[in-house]
2 protein chains.
Amino acid sequence: MQYIKIRDAIAEQVSSGALAAGHKLPSERKLAETFATTRVTLREALSLLEADGVIYREERRGWFISHCPLRYDPSFDPDLLEICHKAGRSGAISLISHQHKLADKNATQMLNLLAFSDVLTFDQLLSVDGRPVAKVINTVRDDSLGQVSESILASPLKRILIEQAKESITLESYKISVSSLNDKNASHLRASVGSPVLLIEKRYATENKQKIAYSFEFWRHDAVEVGSSRF
Amino acid sequence: MQYIKIRDAIAEQVSSGALAAGHKLPSERKLAETFATTRVTLREALSLLEADGVIYREERRGWFISHCPLRYDPSFDPDLLEICHKAGRSGAISLISHQHKLADKNATQMLNLLAFSDVLTFDQLLSVDGRPVAKVINTVRDDSLGQVSESILASPLKRILIEQAKESITLESYKISVSSLNDKNASHLRASVGSPVLLIEKRYATENKQKIAYSFEFWRHDAVEVGSSRF
DNA sequence: CAGTGGTCTAGACCACACC
DNA sequence: GTGTGGTCTAGACCACTGA
């Protein structure tokens, strides 16, 4: 199993510090030549390293050394920007798009809506040190927020709900699973279609259990690890 | 992008119910012929489906349709066997191996041990409906348990600690990340080296914060989803 | 023992990133 | 424009599974 040896050789280079976080690996053709193999086998090795979070791929740009992952405690429901700040990284959220629209089947069910209700949906991109690491798809009941300006939609959902909602709101539940990126989400994250991601789903409700909002966060899996804060 | 279409075609077959959970897909050569492509491209498509948890691979045995994932709330620290039971599935834990030994570097640090301390380590395999879905590697301070018989080591760690430890013990912290299987762990899970897994790390301590035990659970990622119980 | 999956080769063409 | 990564072909051999 040649690709195991290649993986180990590259992993060794990374952990020895010969390759620093954020640096680009040599081209696939050069690496294949270095290890006297073909690109197919080499890419097998690189995919393993990607699965382990040692390196990550940017579509058509190449392979890069991963940074230390962010720590994320879902039950505590932290502010995404605060997580970055506390880790000494520079985080930024940009608004990709937003729209008031009729709730689709999924939204109707998740928010317990009547037929023909409106929702506000907005997509965000979280970048850390300039690299897009998470795409967030938010959906909020249209009648639960006051008038919100576009600039506010580039804040973390939790912050928006706290500041704009008419009632006090808490994280009701969350779910974490492994998934893969579709076409659209992949391009925002400069990733390839089908790249593995960590999917974090969150639901918000008022104190008397009325469902208000939910979000899907698609995280590049090398960029985050989930755990209790005390860890 | 041929492999996207192949993925979608197979996913469609699965969600339509034409292929039931646990069933085996046709051989790669047959599928490749069906979709008029080569095995390399076909396997690309299958890998995507695997990443999405739609199907899973058993080493040299082929590809199978995934079951509904188990729900796992790490902060609640559920009993693995109870999770299965509640989901109407039949779960079983088997003891792979166990050993009293000198703590290695990792154990010394995780348990805050003095040099030359002993630990008890034991590896377990969790099977659901006959399929091995998680390998658990446990490490416990040697001086914290009474005499334990081998049969007890086929119980969930939490249960062992509750029943056998001299003091009362709680889950101190946990961590969840995406990882990949090494040689040994892969073979116990009938998986391939490098298969993506969900890694759940847990640490246990006494009420006065003395670290007592920790475990690494390597889950086939199609078999589990993590979330708050209220979800 | 037949067929399967695991691994690997040695190419090819294209669209895109970057210079 | 050059080189890169993304995708695909058409094979091959081996070790193992399962009948």
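Here the structure is a predicted model, which is why all the values come from computation and not from measurement.

Rules and cut-offs
- Residues numbered from 1 in each chain as written.
- Chains lettered and ligands numbered in written order.
- Predicted model: local features only at pLDDT ≥ 70, side-chain atom pairs only at ≥ 80, totals over all residues.
- Heavy atoms only, no water.
- Near = heavy atom within 4 Å.
- Polar contact = N/O pair within 3.5 Å; in protein donor to acceptor, adjacent residues only side chain to side chain.
- Helix = DSSP H or I, 4+ residues; strand = E, 2+ residues; numbered from the N terminus.
- Contact = heavy atoms within 4.5 Å.
- Buried area = accessible area lost by both parts, 1.4 Å probe.
- Salt bridge = Lys/Arg side-chain N within 4 Å of Asp/Glu carboxyl O.
- Nonpolar A, V, L, I, M, F, W, Y, C, P; charged D, E, K, R; others polar.
- Pairing = 2+ DSSP bridges.
- Core = buried A, V, L, I, M, F, W, Y, C linked by side-chain atoms within 4.5 Å.
- Buried < 20%, exposed > 50% of the residue type's maximum accessible area, 1.4 Å probe, protein only.
- Phe/Tyr/Trp six-rings, centres within 6.5 Å; stacked < 30°, edge-to-face > 60°.
- Lys NZ or Arg CZ within 6 Å of the ring centre and 35° of its normal.

Right, let's get into the protein's contact with DNA strand C. Within the structure, DNA strand C sits among 21 residues, and Q2 and T37 of chain A together with E28, R29 and R43 of chain B are positioned closest to it. Put simply, 64% of the atoms of DNA strand C that lie within 4 Å of the protein are in sugar or phosphate. Contact distances for DNA strand C include 2.3 Å between a phosphate oxygen and a backbone N or O atom of Q2 of chain A. At a separation of 2.7 Å, a phosphate oxygen of DNA strand C approaches a polar backbone atom of E28 of chain B. Elements supplying a minimum of two residues to the surface near DNA strand C: helix 1 (2-15) and helix 3 (39-51) of chain A together with helix 2 (28-34) and helix 3 (39-51) of chain B. Counting residues per element, the surface near DNA strand C draws most heavily on helix 3 of chain A, which supplies three residues.

Contacts between the two partners involve 32 residues from chain B and, on the opposite side, 31 residues from chain A. Carbon and sulfur atoms supply 58% of the area that chain B and chain A bury against each other, a total of about 2700 Å² over both sides. The salt bridge involving K175 of chain A is made with E225 of chain B; its shortest N-O contact spans 3.7 Å. Where chain B meets chain A, there are six residue pairs in polar contact (both at pLDDT 80 or more). Elements with a minimum of two residues in the side of chain B that touches chain A: helix 1 (2-15), helix 3, strand 7 (169-180), strand 8 (196-206) and strand 10 (224-227) of chain B. With ten residues, strand 7 of chain B is the single largest residue contributor to the side of chain B that touches chain A. Split by residue class, the side of chain B that touches chain A holds 13 nonpolar, nine polar and ten charged. Sheet topology places strand 10 (residues 224-227) of chain A next to strand 7 of chain B; two bridges connect them, and they run antiparallel. In the strand pairing of strand 7 of chain B, V226 of chain A is matched with I176 of chain B.

Before going further, it helps to examine the nonpolar core. A general feature of soluble globular proteins is that nonpolar side chains tend to end up buried together. L161, L198 and W219 of chain A together with L161, L198 and W219 of chain B are the most contacted members of the largest nonpolar core, which totals 69 residues. Not counting chain neighbours up to four residues away, the residues in contact with W219 of chain B comprise L70, Y72, L80, L126, V133, A134, V197, L198, I200 and V224 of chain B.

Let's shift gears to the packing of aromatic side chains. Under the counting rule described, the total for this entry stands at six aromatic pairs over all chains. Relative to F64 of chain B, the ring of Y56 of chain B has its centre 5.6 Å away and its plane inclined at 20 degrees; by these criteria the two rings are stacked. You can call F64 of chain B buried: its relative accessible area is 13%. Between Y214 of chain B and F216 of chain B, the aromatic rings sit 5.8 Å apart at their centres with planes inclined by 90 degrees, giving edge-to-face as the arrangement. Judged on exposure class, the residue Y214 of chain B and its partner F216 of chain B are both buried. Positioned above the aromatic ring of Y56 of chain A, the side-chain terminus of R131 of chain A is 3.4 Å from the ring centre.

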